[in-house]
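Tertiary structure, described
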Amino acid sequence: MSRKGLNVKIGELETDVGFAKNLEFSIGKIVDRTWEEPMGPTPFPSLTSLRNWDMKLLQRYKPFYMPFCDLCCLCTYGKCDLTRNKRGACGINMQAQQSRTVLLAACIGTSTHVGHARHMLEHLIKKFGGDHPLDVGGLNVQVEAPTIRLVCGLRPKTLSDLEEVLDYAETQVTHLLSVVHTGMEGNNLDFESKVFHAGMIDHLGMEVADIAQVAAYGFPKADPDAPIVDLGYGTISTEKPVILVIGHNVVPSVGIIDYMKENGFDDKIEICGLCCTAHDITRYHNRAKVVGPISWQLRFIRSGVPDVVVLDEQCVRADSFEEAQAIKAPVIVASEKNCMGLPDRTNDPADEIVEDLVTGKIPGALILDPEKVGEVATKLALRVAPHRKKFKALPEAAEVLEKAKECTQCNACRRACPQDLLIPEAMKAATEGNLVKLEDLYAMCVGCGRCESSCPNGLKIHSFIVSAGENKMKDETYKLRVGRGAIQDIEIRNVGSPLVLGEIPGVVAFVGCANYPKGGADVAEMAMEFANRRYIVVTSGCAAMSLGMHKDEDGKSPYEKYTGEFAAGGIVNVGSCVANSHIAGAVIKIANIFAKRNLRGNYEEIADYVLNRVGAVGVAWGAYSQKAAAIGAGFWRLGVPVIVGPHGTKYRRMLLGRADREEDWYVYDARTGEKAYVGPTPEHLFQAAETKEEAMVMIGKFCMRPNDTSKGRAIKLTHYIDLHKRLYGIMPEDIHLFVRTITDIPVTMKDEIIKILEDKDWKETVIPDPTLLPRMIRKRKE
Amino acid sequence: MTNMATAEPWQTAEIAGPRKAMVITKPEVAAAMIKQAKRPILVVGHKAAEIKLKDKKMLIDYMIELAEKANAPIVATAHIVGEFVKRGHKPAGWMPAVDIGNRLADQDWCGLDGKGSYDLALFVGLPYYMEWTILSGLKNFAPNLKTITLDNSYQPNANWSFPNTDVKSWAECLTVIIEKIGGK
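Residues numbered from 1 in each chain as written. Chains lettered and ligands numbered in written order. Predicted model: local features only at pLDDT ≥ 70, side-chain atom pairs only at ≥ 80, totals over all residues.

The next subject is the overall build of chain A. Each helix and strand in chain A was counted, giving 28 helices and 23 strands. In terms of C-alpha radius of gyration, chain A reaches 27 Å, essentially the compact-globule figure of 28 Å for 782 residues. Along the first, second and third principal axes, the C-alpha set of chain A runs to 90 × 85 × 60 Å. Among the 782 residues that make up chain A, the fraction classed as buried is 59%. The long-range fraction of contacts in chain A, counting pairs at least 24 apart against all pairs at least 6 apart in sequence, stands at 76%. (Helix = DSSP H or I, 4+ residues; strand = E, 2+ residues; numbered from the N terminus. Rg over C-alpha atoms; globule rule 2.2 N^0.38 Å. Buried ≥ 20, exposed ≤ 12 C-beta atoms within 10 Å, placed from the backbone. Contact = placed C-beta atoms within 7 Å.)

Below, the structure is given as structure tokens:
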């Protein structure tokens, strides 16, 4: 029975007004009696329902804390110095404080997705009605909401059914955030367990947001052949008025597209986007274009191309309004979460707002009615564009060369740059008339603008880099396969067996933001490497854009070259951040559809299945945000390891296994109840890689699972060893930890590996039916 | 690079807490600490194979010399184990930087050779911010381990660090350290 519903069944009822027999009615929520799947043990889990599972994971994958700050400054006792695990005035020690901070970050991320989902759902119910069916893939997707089924034990059929999920999620986020308060948890592992809980709730929020928008807006529904659209600065037509949308919540952008279409302007105005709203406008309208990931915000606004800038929520630069003002582009802010200090004009007539913005009476406006945003943005673009073409904020080359002479080589820019780019050297070269070094920085610059903020002479260093790289920017003409949403049930059936047996070596998800250590090209390279190796590559968010910003020798981008099918060798763009839920969903559906495990309120069993059998790895190469932290946490609890780039160490702790501790790698054999050594598979739950080469070797290794058949393990070992030899220039030293029987050894490397095994005093082990859960043992040991 | 012999973090905002690294003002000091260490270990990141210090000599070449003179095992992080092998030096181990950090923070870890924990860890060649965070882990959770960074940028979370130093002076310092260790 659902959580809030009251179901009343009366055999016989005699009253003054009559007699009733077999009367049954429900209050609040109709009970889903058509779902035969039995309810599992943990529907709507509380903060502690899955604590035992979390502790199993945390025993194996212990946190290694790397404090990003030695102090706590959250209360008036502080600041407290926690260095070397000292205790603060409240009694907390450094370990607990670090995990407390991680929980805070995860709560921020989770509440962002849940809040996003709530705003989205409220709007869609108002517009389409609560009874609007949740069709996310027709007959191809019967398991429409795997995470909701798994966590809540609900099978939502309409938009209204999702409200109960959000009620629960909001309650959990409130409880979780309260745990961060002084005087709550004191134990670091209990904080960590709550981080996992926040992550799981985050996945619920993402799933609600995405399936609601897919169903209501008619985004591609689990379509492997979703349309191909334009990606890149060079694809934006500057001949037309240009509306730029930035953020994550597509509702106001849909208002713009609808108004443009209804009034015949959709081929007269260019609508393009940055960050995840860009994904979602292309899912709604295949003439819409993606400029690029989050890191393109400054450079694109400063290019002067946008005539109107529309901001919604999440990952929008806090100075985007000022940046837009510099190019005289009026700004509309369309989210109550991101008002930017602008006057609320929601209730004013559209034409009046347009007039005020065109005449400059106001530089921008807050408009909380998405339809009105559509009308104002469209009219505004048409009015403003002819007059403002093009107030570019980028200097010409001659100006860069001249201004560079003001550089004193003080190094402040380089020391402020997250990537430690050699900006002073490039500036010095510019003083000598050479812009090549500045141009070379373009591809690696993450567009944060800290170089400029730090410059004591006020030099617009980021603009110099972009100006020097302008030709590269104009050459950015790529293709992106629109986010397809869910993975079809039939696709899961087709790959379930080879994946679980290890014959498809793994699912690799390139996700997250764009704080890349050496530019976004690394993401494309890694993704293609694994697609070529016949892994299933999935992607979302800014990473999906970076992945597309590549061309082969024939001028084709990865989305044109590789299939969009969830199959070996595919590169599958699921969509925006909230579409990450389909990646988790695919993993969950493997357990359900292929292995016939019940989902309904059955979290622990499914996570145990995923950890031990599904060779999936997430790679968030440029993760920067609190949302990324929450998404990662959801995957950890589900048993999917996550690799981040070197900046990921700033998340303050990793969850690391110890391959050298044999005792950590035992599971139960569900057939016998015996304990079996399975090696470090997967070795870590959360790990940072220093270079892309290291990340690729990690991916190969982390896809191994205890359940791999010998054939599957041999295939996975082949990839791991091959990558290691190619990228590290040497055989891996830990092969003996992954070979269970002689038949696991790749045939082509047999002699070489057998020698290594002999040197390591290797002994054969069994391949168990692996589980960490005693209750899953079918026959208890006598 | 200017010669800034000040103890400021190289990345301006990477301010640590109250406990900050002592500045190595003379390479002889670092050499003496390395010589005194009973079980030193050298952790070398991928940038060692990218940074040219003098003529054609790379940072990795200096580190091989240093390790051999100090009789210290090298752990190569990222993908650069092959670069060592090419130069005729097989590192004692190779693993992700965070993994070696995690092991060094474990007081029960018996080292790469199983003979006991290390008393001195030398770090070099990691991305600045990554070394910063790993050294923070060790500062806070490895009380029995001393850390020295041999990079030319001040790492506040080490026990000892060079100040922000130009490449030429850095190469000279490393040369002096190697000479002074002189076959431990």
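The next thing to look at is the overall build of chain B. A count of helices and strands for chain B gives 6 helices and 9 strands. Taking 184 residues into account, the globule formula puts the C-alpha radius of gyration at 16 Å, and chain B, at 15 Å, falls close to it. Its C-alpha atoms put chain B at 40 × 40 × 30 Å along the principal axes. Within the span of chain B, comprising 184 residues, buried residues form 57% of the whole. Sequence separation of 24 or more characterises 66% of the internal contacts of chain B that already satisfy a separation of 6 or more.

Residues and elements named next belong to chain A. It is at 9 Å that the axes of helix H1 (residues 51–60) and helix H5 (residues 188–217) come closest, and there the two elements cross at 110°. As the angle between them shows, H1 and H5 are arranged roughly perpendicular. H1 and H5 meet at a crossing whose hand is right-handed. Mapping the contact onto sequence places Arg51, Asp54, Met55 and Leu58 in H1 and Leu189, Glu192, Ser193 and Phe196 in H5. The residue inventory of the contact of H1 with H5, partitioned by class, reads 4 nonpolar, 1 polar and 3 charged. (Axes fitted to C-alpha atoms, helices over the stretch in contact; angles between N-to-C directions. Parallel < 35°, antiparallel > 145°, perpendicular 65-115°, else oblique. Left-handed = near helix turned anticlockwise from the far one by under 90°. Nonpolar A, V, L, I, M, F, W, Y, C, P; charged D, E, K, R; others polar.)

Turning our eyes to something else, we now look at the environment of tyrosine 65 of chain A. Summarising the element assignment, tyrosine 65 of chain A is placed in strand S3 (residues 62–65). Setting aside residues up to four positions removed in sequence, tyrosine 65 of chain A forms contacts with Met94, Gln95, Gln98, Arg652 and Arg653 of chain A together with Gly137, Asn140 and Phe141 of chain B.

Attention now goes to the domain arrangement of chain A. When its domains are assigned, chain A resolves into domain 1 (1–31), domain 2 (33–217) and domain 3 (233–471). Taking the mean C-alpha position of each, domain 1 of chain A and domain 3 of chain A sit 58 Å from one another. (Domains from an automatic or database assignment.)

A word on the interface of chain B and chain A. Contacts between chain B and chain A engage 36 residues on the former and 37 residues on the latter. Elements represented by at least two residues in the side of chain B that touches chain A include exactly helix H3 (81–86), helix H4 (97–104) and helix H5 (128–141) of chain B. Top element by residues in the side of chain B that touches chain A is H5 of chain B. It accounts for 9 residues. Here the side of chain B that touches chain A is composed, by residue class, of 19 nonpolar, 15 polar and 2 charged.

The next point concerns the environment of arginine 118 of chain A. Mapped onto the fold, arginine 118 of chain A is located in helix H2 (residues 94–128). With 572 residues separating them along the chain, arginine 118 of chain A and glutamate 690 of chain A place their C-alpha atoms 38 Å apart.

Residues and elements named next belong to chain A. Bridge count for strand S8 (residues 270–274) against strand S9 (residues 289–292) is 3 bridges, and the pairing is parallel. Residue pairing for S9: leucine 274 is matched across the bridge by glycine 292. Handedness of the S8-helix H7 (residues 276–284)-S9 crossover: right-handed. (Pairing = 2+ DSSP bridges. Right-handed = clockwise from strand over helix to strand, strands pointing away.)

Ranked by size, the top nonpolar core spans 324 residues in total, and within it Val310 and Phe510 of chain A together with Met63 of chain B carry the most contacts. Looking at this core, the element that brings in the most residues is H5 of chain A, giving 16 residues. Taken together, domain 2 (33–217) and domain 3 (233–471) of chain A each give at least three residues to this core, which thus spans both. With residues up to four places along the chain from it excluded, the contact list for phenylalanine 510 of chain A reads Val523, Met526, Ala527, Val537, Thr539, Ala543, Leu547, Val619 and Trp621 of chain A. With 5 residues, the next largest nonpolar core counts Tyr668, Ala670, Val678 and Leu772 of chain A among its residues. (Core = buried A, V, L, I, M, F, W, Y, C linked by C-beta atoms within 7 Å.)

Below, the discussion takes up the packing of helix H26 (residues 692–702) of chain A against helix H27 (residues 710–728) of chain A. Residue and element names in this part refer to chain A. Where H26 contacts H27, the two axes come as close as 8 Å, and the packing angle between them is 165°. When the interaxial angle is binned, H26 and H27 end up roughly antiparallel. Between H26 and H27 lies a crossing whose hand is left-handed. Contacts between H26 and H27 involve Glu693, Met696, Val697, Gly700 and Lys701 from the former and His719, Tyr720, Leu723, His724, Leu727 and Tyr728 from the latter. Looking at the contact of H26 with H27, its residues break down into 6 nonpolar, 3 polar and 2 charged.

In a beta sheet, neighbouring strands pair by backbone hydrogen bonds and run either parallel or antiparallel. Residue and element names in this part refer to chain B. The 7 strands lie next to each other as S1-S9-S8-S7-S2-S5-S6, forming an open sheet whose pairing is parallel. Looking at which strands have only one partner, the edges of the open sheet turn out to be strand S1 (22–23) and strand S6 (93–94). Sheet strands in contact with H5 are strand S7 (120–124) and strand S8 (146–149), and its direction is about 165° off that of S8.

The end-to-end C-alpha separation of H27 of chain A is 25 Å, in line with the 27 Å expected for 19 residues at 1.5 Å each. At the exit of H27 of chain A stands glycine 729 of chain A, carrying a positive phi of roughly 75°. (Expected span 1.5 Å × (residues − 1).)

Here we come to helix H21 (residues 541–548) of chain A. For H21 of chain A, a buried count of 8 out of 8 residues is recorded, marking the element as mostly surrounded by other parts of the structure. Where H21 of chain A is concerned, the buried positions are Gly541, Cys542, Ala543, Ala544, Met545, Ser546, Leu547 and Gly548 of chain A.

Further remarks concern the sheet that holds strand S16 (residues 571–575) of chain A. Taken in spatial order, the 8 strands line up as S3-S19-S22-S18-S17-S14-S15-S16 (chain A) in an open sheet, and their pairing is mixed. The two strands at the open ends of the sheet, each matched to only one other strand, are S3 and S16 of chain A. Taken pair by pair, the neighbouring strands of this sheet meet at an average axis angle of 25°, ignoring direction. Sheet topology note: the strand S15 (residues 536–540) of chain A/S16 of chain A ladder contains 4 bridges and is parallel. The residue of S16 of chain A that forms the bridge with valine 538 of chain A is valine 572 of chain A. Packing of helix H25 (residues 626–638) of chain A onto the sheet brings it into contact with strand S17 (616–620), strand S18 (642–644), strand S19 (653–656) and strand S22 (684–688) of chain A, and relative to S17 of chain A it is tilted by some 170°. On top of the sheet, H4 of chain B reaches S3, S19 and S22 of chain A; it is set at about 85° to S19 of chain A, its chief contact.

All names here are of chain B. Among the 5 residues in strand S2 (residues 40–44), 5 count as buried, and that is most of the element. Residues Pro40, Leu42 and Val44 point to one face of S2 and Ile41 and Val43 to the other, with burial holding for every one of them. With 5 bridges joining them, S2 and S7 adopt parallel strand pairing. Bridge pairing in S7 links isoleucine 41 to alanine 121.

Attention shifts here to unusual backbone geometry. Residues and elements named next belong to chain A. Looking along the chain, the bond that leaves glycine 78 and enters lysine 79 is cis, with omega of 10°. For lysine 79, the position within the fold is in the loop between strand S4 (71–72) and strand S5 (80–81). Geometrically, the link from threonine 681 to proline 682 is a cis peptide bond, its omega value of -10° lying close to zero. By the secondary structure assignment, proline 682 is in the loop between strand S21 (675–677) and S22. In this model, arginine 652 sits at a positive phi of 85°, which is unusual for a non-glycine residue. Judged by local crowding, arginine 652 falls into the buried class, with 23 C-beta atoms found within 10 Å.

We now examine the confidence of the model for chain B. For chain B, the average pLDDT comes to 94, and 96% of its residues sit at 70 or higher. Across the predicted assembly, pTM comes out at 0.96 and ipTM at 0.96. (pLDDT = per-residue confidence, 0-100.)

With that out of the way, let us pick up the environment of serine 193 of chain A. Checked against the element boundaries, serine 193 of chain A lands in helix H5. Classification of serine 193 of chain A by C-beta neighbours within 10 Å gives buried; the count is 25.

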